[in-house]
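Structural overview for review
Here's the letter readout for the chains.
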Amino acid sequence: MNTYGWVQAAVFFGLVALLAKPVGLYMSGVFQGERTFLAPVFGPIERGFYRLCRIDPDVEMSWVEYVMAVLAFGVVGLIYLYVLLRTQAWLPFNPQHFPNLSADNAWNASVSFLTNTNWQFYSGESTMSYFTQMAGLAWHNFVSAATGIAVAIAVVRGIARTDKKTLGNFWVDLTRATLYVLVPISLVGALVLVWQGVPQNFHAYHDVASLEGFKQSITGGPMASQEIIKELGTNGGGFVNANSASPNENPTPLSNLIEMLAIFLIGAGLTYTYGRMVRDQRQGWALFAAMSVLFVGGFAASYAAEAAGNPLVHQLAVAGGNLEGKEQRFGVAASALFATVTTDTSCGAVNAMHDSFMPLGGLVPLANMQLGEIVFGGVGTGLYGMIVFVVLTVFIAGLMVGRTPEYLGKKIERREMQLAILAALVLPVLALIPSAVSVLLKAGTATLGNNGAHGFSEILYMFASTTENNGSAFAGIGGNLYLNLVTGAVMLLGRYGFLIPIMALAGSLAGKKSVPETLGTFKTHSPIFVFLLLGVIVIVGLLTFVPADALGPIVEQLQLQQGKVF
Amino acid sequence: MISQRRIERRPQSRSLLDTAILWRATLDSFVKLDPRVQMRNPVMFVVEVGAAAVTGFFFRDIFTPGHGSAGFDFAIAAWLWFTVVFANFAEAMAEGRGKAQAEFMRRTKTETTARRVVDGKEEVVSAAALRRGDVVRVNAGELVPGDGDVIEGAASVDESAITGESAPVIRAAGGDRSAVTGGTRVLSDSILIRITSNPGETFLDRMIALVEGAQRQKTPNEIALAILLAGLTIIFVIAVATLAPFSIYAGAHQSVTVLIALLVCLIPTTIGGLLSAIGIAGMDRVMQRNVLAASGRAVEAAGDVDTLLLDKTGTITLGNRQASEFVAAPGVTVEELSLAAYLSSLPDETPEGQSIVTLAQTSISGEVAIPAGSTFVPFSAYTRMSGLDLAGGGAIRKGAPDAVRAWVRERGGEDSGELSKDVERIARSGGTPLLLARDGRVLAAIHLKDILKPNTKERFDRLRAMGIRTVMITGDNPLTANAIAREAGVDDFLAEATPETKMALIKREQVSGRLVAMTGDGTNDAPALAQADVGVAMNSGTQAAKEAANMIDLDSDPTKLIEIVEIGKQLLMTRGALTTFSIANDVAKYFAILPAMFVIAYPAMDVLNVMRLNPHSAILSAVIFNALIIVALIPLALKGVAYRPRGADAVLRDNVLVYGVGGIILPFIGIKMIDMLLAAFHLT
């Protein structure tokens, strides 16, 4: 590790902390129906859209209605993308003449984009037409992110409201998240990326002769527009297979910084929005603080492991950090930072190959996902994932002050506990059981690129990534019919299986009376609460995965010290 | 006889290590191994299923050798069974004291007969035949056959069977002291009682059921916690079950015994095993303070109380107010007013009245008697005055200033507002001002002084630190109430309280989300007692009040409410502390078990064996620790965690340090010590 690496991380995180408040303030205005400075531009579009779709923006929905709207929107979006992928050969903007996708590949890819996962069992530049990228994938990049934000806002309303039955209107939240948050930031961001050198065109790929004399095909296409929403919406699906490691997607140190900022921007801002909407800013900062500790811890561990390098390589008299699978342009620190950021959230974009990280360096992204991507998290999903941990913490530790647990004045009782537990079960069930089945099946291990502990890590990583809708991969594992179907199902259940109980929880909280705060109240904004929250996250969240991780990255690292590799 | 009874009635004061209770609890802990009993507690049920499975493996090892180590399977099976038995023992110990107490009460509840009055004739029937609405006569020396209200006569009643209090109490028809309880004994006189409960539903029956825990239902918070524990159990079942295929893939095949051992160590057995004991012990602690709680729910609610409504008299001040000063009206002599005060108070048996007599005597020379033919007018809530109608047509009144002034005007007297400054001064100082008047003239103001109970201020400061608001309820005027409230240190007061204003106050507090606790005894209090989240009725009160309340204080001590709140808080704290402790323990157990599991396949794993445990005994050591920690924590579960009334922040910080951080560190030490012992005795 060196000062330069730490300075990079400090500059990055300093900017995140600075931007959290203005972005959060702006979003709280957007979602509380206030008139924002963009209203003159987007207001007419918004109102026109409501008229077109016959939406009355003043009618609010109960949690059940809200969830039904989310599901209906999901079903339509899934069918739409599936049909598009199956027919792209006959549609325009396909200069490379890519064929239609097979049924199982189309299923996997459409679920993947619907659920904000962007897991890719294919290479974008050799599979997807420009039309598919723009009309299909980009569409979902926007609306899957907007769906996550909308649900998070509905959950926050549930906490903030008392004695109410409704949580807002999904169509309005979805529209406003897209129009006022995602589109404007993406527009500006895409232009900045174009300035940095990211392509934005409809040309066919350029074939050039390289210096070595080989023919090289340079990918073009509408890349910058796709790139910015890929990060901002924590989608992560690369235009090209190399994702943000490719010089076209991520050409400069500045573009690298912008992309990382875009990944954290909305998640960090939402913690401020949260404080604002529950009318106690300290609550938002408490979540921000807990997330920050986890971010710093994750980065430090990953950076330390990568900077320490591979002892076997050191024996060859090559000193320094682990550079396998990394872009020389970014080096160890920026790669470790990007890997931490992309798995703290549900983004999954990568600027280095996580598969080539040192085992402990790779454990950090894996563990980040196993915690539930709650460090700023996927847009929206991170906040409501954190709220499940908050509810668990309030319940366990809140009793210790001698009152039945309450959070922000709401009593946490039987129903809230059932729903929080239901939500908390989703991750271990989906990340562990399919992994266990897969290691026993030929189809599950057939496409593994590595055996032993490393191969096992690849399987663990795949199901953690798909459950949590991250989409980054340990690579080393190829798609087949079995994996296409199973990971598709896991992505769907990981998204909606978590979303439904947390919305029910919000619905239940919204209907409750608020207990006024007294000296006897458990304070959920104090440093000790942040400490307890972290304790519950680590013990309840992470320890579930310790036995499995012990057989993956942990034993791999221990064996590497003894000279054994896979 | 009576004193002996009193000693006998308090078996709850026995120590935790009473041999009879211990013996019985030991037996019960094996009876409770019945899977139908364990099913109610998912955490311990998983342990029992695991114990049964490993026992099966042990027999398989014996009869078909070659599968696994019979010695290891035996040791693990034995300690898993111990884990369940220890948890059962905790529950049985908690129930033990209640059972002992119930047995005593059953002996009290002997078969009695009753004289039922039908159409004016008495007939002797069995007490069991009495129904609600029957009227019975009870004579001196007889047992009251059932719960009821005195409808005629008055008697002194020995209630020691119920309250433990040996001094007899007066029970009389009408008013707030009319309730009698089945099983108590009438010592003097003869009374008519209307029975208010059917057999099997009497106070004594309910009390027996309560202390026995027969009707014990899980409280709302207990249910929510049980859901959390069940959820954690499922999560760890998944984590351990998937470890089987993972370890096969890794070439480090694990026996089912080892996986079950890991599972039992990870699931929250400590809190799972002690949860019901904590709840029962909490109820028991309330009972030891001579308070009957209708349900655990009420005790739990007491911990959540935000507002305490405290009756001024008996809680904040000593019941008796003392006359300390007469202030004469202009032109009235001391002799004249003292005589009037003396005459009007002589027949008044209230402590206040007697204190006026005492004060007046100091200024009267010679013997004075009430003129024959005079009638005493007792105090009533409507007139707010008492006094004497003299034989000759004159009258004396003393009472609330506005009532007395109205009386004076009514009798054609002049009321020029004299003494109003003095009245205000007395009220402002916290005293109760009375006016004394004779025939159309106001003679004097009487200063009745309220005497605060000692240490009230400290008490209310403690409550405030816990975040509880205290509201003093008093019939006094606002000025007086304000002065006493300030002196006593309560947060707020309700002056000139009537049942209606009291009810309105409770509802107002509840609408803003607060939980309210109050005490009461009169029939007037019944609606408010029912409305309050925690309503404590005095045993001396009416049947209506007792039925409306969710707790009954057998000692009839209004300050008990504060103790009840503290017990409720302590109960919740104990649950939280042990849950935190239980979960925090998992860290060390991982470090004990995982390296031992995989060190053979992956020797490099030895690095993680930070406790340097013997790989052959590490798993057993963790299982033993897991079982023994339940036993070690039984006293804590029964007594509750150390409790001092402080703010949430301080309480949380201490508990987190002790049970959270301590819960992480302690098992490292404990497991290591057990492992060293196993090695020392060559048990590995």
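You'll find the structure just up there.
Calculation rules
- Residues numbered from 1 in each chain as written.
- Chains lettered and ligands numbered in written order.
- Predicted model: local features only at pLDDT ≥ 70, side-chain atom pairs only at ≥ 80, totals over all residues.
- Heavy atoms only, no water.
- Helix = DSSP H or I, 4+ residues; strand = E, 2+ residues; numbered from the N terminus.
- Rg over C-alpha atoms; globule rule 2.2 N^0.38 Å.
- Contact = heavy atoms within 4.5 Å.
- Areas by Shrake-Rupley, 256 points an atom, 1.4 Å probe, with all protein chains shown as cover.
- Lys, Arg positive; Asp, Glu negative; His and termini not counted.
- Charge placed at Lys NZ, Arg CZ, Asp CG, Glu CD.
- Core = buried A, V, L, I, M, F, W, Y, C linked by side-chain atoms within 4.5 Å.
- Buried < 20%, exposed > 50% of the residue type's maximum accessible area, 1.4 Å probe, protein only.
- Buried area = accessible area lost by both parts, 1.4 Å probe.
- Salt bridge = Lys/Arg side-chain N within 4 Å of Asp/Glu carboxyl O.
- Polar contact = N/O pair within 3.5 Å; in protein donor to acceptor, adjacent residues only side chain to side chain.
- Nonpolar A, V, L, I, M, F, W, Y, C, P; charged D, E, K, R; others polar.
- Pairing = 2+ DSSP bridges.
- Axes fitted to C-alpha atoms, helices over the stretch in contact; angles between N-to-C directions.
- Parallel < 35°, antiparallel > 145°, perpendicular 65-115°, else oblique.
- Left-handed = near helix turned anticlockwise from the far one by under 90°.
- Expected span 1.5 Å × (residues − 1).

Remarks on the overall build of chain A
Each helix and strand in chain A was counted, giving 19 helices and six strands. In terms of overall size, chain A behaves like a compact globule, its C-alpha atoms giving a radius of gyration of 23 Å where 566 residues would be expected to give roughly 24 Å. Projected onto its principal axes, the C-alpha coordinates of chain A cover approximately 75 × 55 × 45 Å. Taking as baseline every contact in chain A between residues at least 6 positions apart, the subset at least 24 positions apart corresponds to 79%. Element-wise, carbon and sulfur atoms account for 66% of the exposed surface of chain A, whose accessible area totals about 19,100 Å². Taking the average location of the 29 positive side-chain charges in chain A and that of its 31 negative ones, the two points are 11 Å from each other.

Some words on the overall build of chain B
In terms of helices and strands, chain B carries 25 helices and 22 strands. Here chain B has a C-alpha radius of gyration of 33 Å; the compact-globule value for 684 residues is 26 Å, and the former is much larger. With the C-alpha coordinates of chain B rotated into their principal frame, the extents come out at 115 × 60 × 40 Å. In chain B, the proportion of contacts linking residues at least 24 apart, taken out of those at least 6 apart, comes to 69%. As presented, chain B carries roughly 27,400 Å² of accessible surface, and 59% of it is formed by carbon and sulfur atoms.

Notes on the nonpolar core
Core analysis: the largest hydrophobic core is formed by 306 residues, its most contacted members being F12 of chain A together with F246, L308 and M597 of chain B. Setting aside anything within four residues of it in sequence, one finds F246 of chain B in contact with L432, S435, A436, V439, F456, L460, A548 and L551 of chain A. In terms of nonpolar packing, the next biggest core, distinct from the first, is built from 37 residues, L343, M385, V423 and A444 of chain B among them.

Focus on the interface of chain A and chain B
Each side of the interface is counted separately: chain A has 60 residues, and chain B has 63 residues. Taking both partners together, chain A and chain B bury about 5,100 Å²; carbon and sulfur atoms supply 79% of that area. Counting the contacts that link chain A with chain B gives two salt bridges. Run the count over chain A and chain B and you get 11 residue pairs in polar contact (both at pLDDT 80 or more). Within the residue set of the side of chain A that touches chain B, elements represented by two or more residues are α13 (381–398), α14 (414–440), α16 (452–467), α18 (527–542) and α19 (546–561) of chain A. With 14 residues, α14 of chain A is the largest single contributor of residues to the side of chain A that touches chain B. When the residues that make up the side of chain A that touches chain B are grouped by side-chain class, the tally is 40 nonpolar, 14 polar and six charged.

Some points on the side chain of N322 of chain A
By the element assignment, N322 of chain A lies in the loop between α10 (311–314) and α11 (331–344). Contact partners of N322 of chain A, with chain neighbours within four places excluded, come to E306, G309, V332, S356, F357 and M358 of chain A.

Digging into the pairing of strand β9 (residues 191–195) of chain B
Residues and elements named next belong to chain B. Within β9, four of the five residues are buried, which leaves the element mostly enclosed by the surrounding structure. By the bridge criterion, four bridges tie strand β3 (residues 135–138) to β9 in an arrangement that is antiparallel. Bridge pairing in β9 places R137 opposite L192. Inspection of the sheet shows strand β4 (residues 148–152) paired to β9 by four bridges, in the antiparallel sense. Residue D149 lies in a different strand from β9, and its bridge partner there is R194.

Quick notes on the packing of helix α10 (residues 269–288) of chain B against helix α24 (residues 618–639) of chain B
Residue and element names in this part refer to chain B. Put simply, α10 and α24 touch, their axes get as near as 9 Å, and they point 20° apart. In this view, α10 runs roughly parallel relative to α24, as classed from their interaxial angle. Judged by the twist between their axes, the crossing of α10 over α24 is right-handed. The segment α10 lies against α24, with T269, T270, L274, A277, I278, A281 and R285 engaging N626, I629, I630, L633, I634, A637, L638 and K639.

A few points about helix α17 (residues 481–510) of chain A
Residues and elements named next belong to chain A. Between its first and last C-alpha atoms α17 spans 43 Å; for 30 residues at 1.5 Å apiece the expected length is 44 Å, and the two agree. With respect to burial, α17 is a largely interior element, 22 of its 30 residues being buried. Structurally, the start of α17 carries an N-cap: the backbone nitrogen of Y482 is 3.2 Å from a side-chain oxygen of N480.

Quick look at the pattern of salt bridges
Scanning all chains against the criterion turns up 45 salt bridges over all chains. Between E142 of chain B and R115 of chain B there is a salt bridge, with its nearest N and O atoms 2.5 Å apart. With E142 of chain B in the loop between β3 and β4 and R115 of chain B in strand β1 (residues 113–118), this pair connects stretches of sequence that are 27 residues apart. Overall, the relative accessible area of 22% leaves E142 of chain B in the partly exposed class. A salt bridge links D555 of chain B to K560 of chain B; the nearest nitrogen and oxygen atoms lie 3.2 Å apart. Relative accessible area serves as the criterion here: at 35%, D555 of chain B is assigned to the partly exposed category. On the basis of relative accessibility, which here comes to 5%, the residue K560 of chain B falls in the buried class. The network of salt bridges with common partners includes R403, E406 and K411 of chain A together with D304 and D306 of chain B.

Here we look at the sheet that holds strand β12 (residues 322–328) of chain B
All names here are of chain B. In space, the six strands of this open sheet follow the order β12-β17-β16-β15-β14-β13, with antiparallel pairing throughout. At either end of the open sheet lies a strand with only one pairing partner, and these are β12 and β13 (375–377). Each strand of the sheet is rotated relative to its neighbour by a mean of 20°, with strand direction disregarded. Here β13 runs beside strand β14 (residues 385–389); their pairing, made up of three bridges, is antiparallel. Within β14, the residue paired with T375 across the bridge is D389.

Observations concerning the environment of I634 of chain B
Residue and element names in this part refer to chain B. Mapped onto the secondary structure, I634 falls in helix α24. C-alpha separation for the pair I634 and K421, spaced 213 residues apart in sequence, amounts to 63 Å. Leaving out residues up to four positions away in the same chain, I634 has contacts with F86, F89, A90 and L274.

Remarks on the packing of helix α16 (residues 420–428) of chain B against helix α18 (residues 478–488) of chain B
All names here are of chain B. At a closest axis distance of 7 Å, the pairing of α16 and α18 adopts a crossing angle of 30°. Relative to α18, α16 is oriented roughly parallel. Taking contact as the criterion, the partners of E424, A427 and R428 in α16 are, on α18, L479, T480 and A483. Looking at the contact of α16 with α18 residue by residue, the class counts come to three nonpolar, one polar and two charged.

Thoughts on the sheet that holds β9 of chain B
Residue and element names in this part refer to chain B. An order of β2-β1-β3-β9-β4-β7 is seen for the six strands of this open sheet, with the pairing classed as antiparallel. Looking at the sheet topology across the chains shown, the edges are occupied by β2 (121–126) and β7 (179–180). Across two bridges, β1 lies against β3 in antiparallel orientation. Counted as the bridge partner of R115 is R137 from β3.

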